[in-house]
Amino acid sequence: AIKEALGEGHIYPDNSCYELREKLGKILGFPIANSRVGNGSSELIYLVGVAMLEEDDNMVISEYSFIMSKLITQIIGCGVKEVALDSYHHDLDGILAAIDENTKIVYLDLPMNPIGTSLTRAQFDRFMEKVPKDVLVICDEAYYEYADRQKLPETLQYVKDGRNVLVLRTFSKLYGLA
């Protein structure tokens with residue numbers, strides 16, 4: 001295997017992951033321009049934060065959400081509004097109340113990491129009706145494959161409809177490809 005690889009060992013991998021994005025686009029029904037690949041959700045959350053957040057901005061997250069959602073606000077030096085959970089679930093009314101004119105991002109892990117609770121489609125749909133159109137809603141679905149998908153929100157449909165929604169999925173959990 002090493003001898004075979006020597007002939008191409010000097011070639012860098014395709015950073016854009018074009019072929020992978022093309023195949024995922026076919027499976028998920030997305031144009032390739034609507035997808036990106038990163039070294040895990042942490043990197044993608046970091047990149048979105050760097051691209052969108054400034055010191056005067058804030059991000060709304062739930063208490064106990066994936067730690068990277070909070071860390072990016074510390075890296076940028078912007079505000080973070082942590083909303084307490086409601087019976088171990090995202091408090092959607094509390095999140096909506098926390099959104100103000102400086103809110104650029106709302107982060108939801110669906111299901112929550114590490115708690116495991118999620119939202120129903122109806123809950124998410126009602127929430128999205130009230131979220132300001134200029135606020136990006138990040139739906140981190142790292143544990144999507146472990147949940148009852150019939151009950152989970154159809155977040156990808158919001159992306160297809162042109163809403164300000166970013167869906168994160170990973171190969172590192174179910175597929176073990178960190």
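Above: the structure in question.
Below is a short write-up of the structure.

### A word on the sheet that holds strand 5 (residues 165-168)
Okay, step 1: In spatial order, the strands read 2-1-3-4-5; together these five strands make up an open sheet with parallel pairing. Across the chains shown, the open sheet's two edge strands, defined by having one partner strand only, are strand 2 (79-83) and strand 5. Shown here is a sheet whose adjacent strand axes are inclined to one another by a mean of 20 degrees, direction ignored.
Okay, step 2: With respect to the sheet, helix 3 (residues 40-52) is in contact with strand 3 (103-109), strand 4 (136-140) and strand 5, its orientation differing from that of strand 4 by roughly 170 degrees.

### Looking at a nonpolar patch on the surface
Okay, step 1: On the surface, Leu 20, Val 37, Tyr 146, Phe 171, Leu 174, Tyr 175 and Leu 177 cluster together into a nonpolar patch covering about 650 Å² of accessible area.
Okay, step 2: On the secondary structure map, Leu 174 appears in the segment after strand 5.
Okay, step 3: On the basis of relative accessibility, which here comes to 40%, the residue Leu 174 falls in the partly exposed class.

### A look at the pattern of salt bridges
Okay, step 1: Under the criterion given, the structure shown has six salt bridges.
Okay, step 2: Put simply, Lys 70 and Glu 82 hold a salt bridge, and the shortest N to O gap is 2.8 Å. Of this pair, Lys 70 sits in helix 4 (residues 67-76) while Glu 82 sits in strand 2, placing them twelve residues apart in sequence.
Okay, step 3: Its relative accessible area of 40% is what places Glu 82 among the partly exposed residues.
Okay, step 4: The partner of Glu 154 in a salt bridge is Arg 121, and the shortest N-O contact between them spans 2.9 Å.

### Here we look at the side chain of Ser 65
Okay, step 1: Here Ser 65 lies in the loop between strand 1 (58-62) and helix 4.
Okay, step 2: Residue classification places Ser 65 among the buried residues on the basis of a relative accessible area of 11%.

### Let's talk about unusual backbone geometry
Okay, step 1: In this chain, Leu 110 is followed by Pro 111 through a cis amide linkage whose omega measures -5 degrees.
Okay, step 2: Mapped onto the elements, Pro 111 comes out in the loop between strand 3 and helix 6 (121-130).
Okay, step 3: The backbone of Cys 17 shows a phi angle near 55 degrees, a positive value even though the residue is not glycine.
Okay, step 4: Note on placement: Cys 17 falls in the loop between helix 1 (2-6) and helix 2 (18-28).
Okay, step 5: A relative accessible area of 23% means that Cys 17 is categorised as partly exposed.
Okay, step 6: Of note in the backbone geometry, Tyr 88 takes a positive phi value of approximately 70 degrees without being a glycine.
Okay, step 7: You can see Tyr 88 is positioned in the loop between strand 2 and helix 5 (92-98).

### Some words on the nonpolar core
Side chains of nonpolar character tend, in soluble globular proteins, to be buried together.
Okay, step 1: Of all hydrophobic cores here, the largest spans 24 residues; its most connected members are Val 106, Leu 108, Phe 127 and Val 137.
Okay, step 2: Contributions of two or more residues to this core are made by helix 5, strand 3, helix 6, strand 4, helix 7 (155-160) and strand 5.
Okay, step 3: Among the elements that take part in this core, helix 5 stands out by supplying four residues, more than any other.
Okay, step 4: Ignoring anything within four residues of it in the chain, the contact list for Val 106 reads Val 60, Ile 95, Ile 99, Phe 127, Val 135, Leu 136, Val 137 and Ile 138.
Okay, step 5: With 16 residues, the next largest nonpolar core counts Ile 61, Met 68, Ile 105 and Leu 168 among its residues.

How each quantity is defined
- Residues numbered from 1 in each chain as written.
- Predicted model: local features only at pLDDT ≥ 70, side-chain atom pairs only at ≥ 80, totals over all residues.
- Heavy atoms only, no water.
- Pairing = 2+ DSSP bridges.
- Helix = DSSP H or I, 4+ residues; strand = E, 2+ residues; numbered from the N terminus.
- Axes fitted to C-alpha atoms, helices over the stretch in contact; angles between N-to-C directions.
- Contact = heavy atoms within 4.5 Å.
- Patch = residues over 30% accessible without salt bridge, like charges linked within 9 Å, V, L, I, M, F, W, Y side chains within 5 Å.
- Areas by Shrake-Rupley, 256 points an atom, 1.4 Å probe, with all protein chains shown as cover.
- Salt bridge = Lys/Arg side-chain N within 4 Å of Asp/Glu carboxyl O.
- Buried < 20%, exposed > 50% of the residue type's maximum accessible area, 1.4 Å probe, protein only.
- Core = buried A, V, L, I, M, F, W, Y, C linked by side-chain atoms within 4.5 Å.

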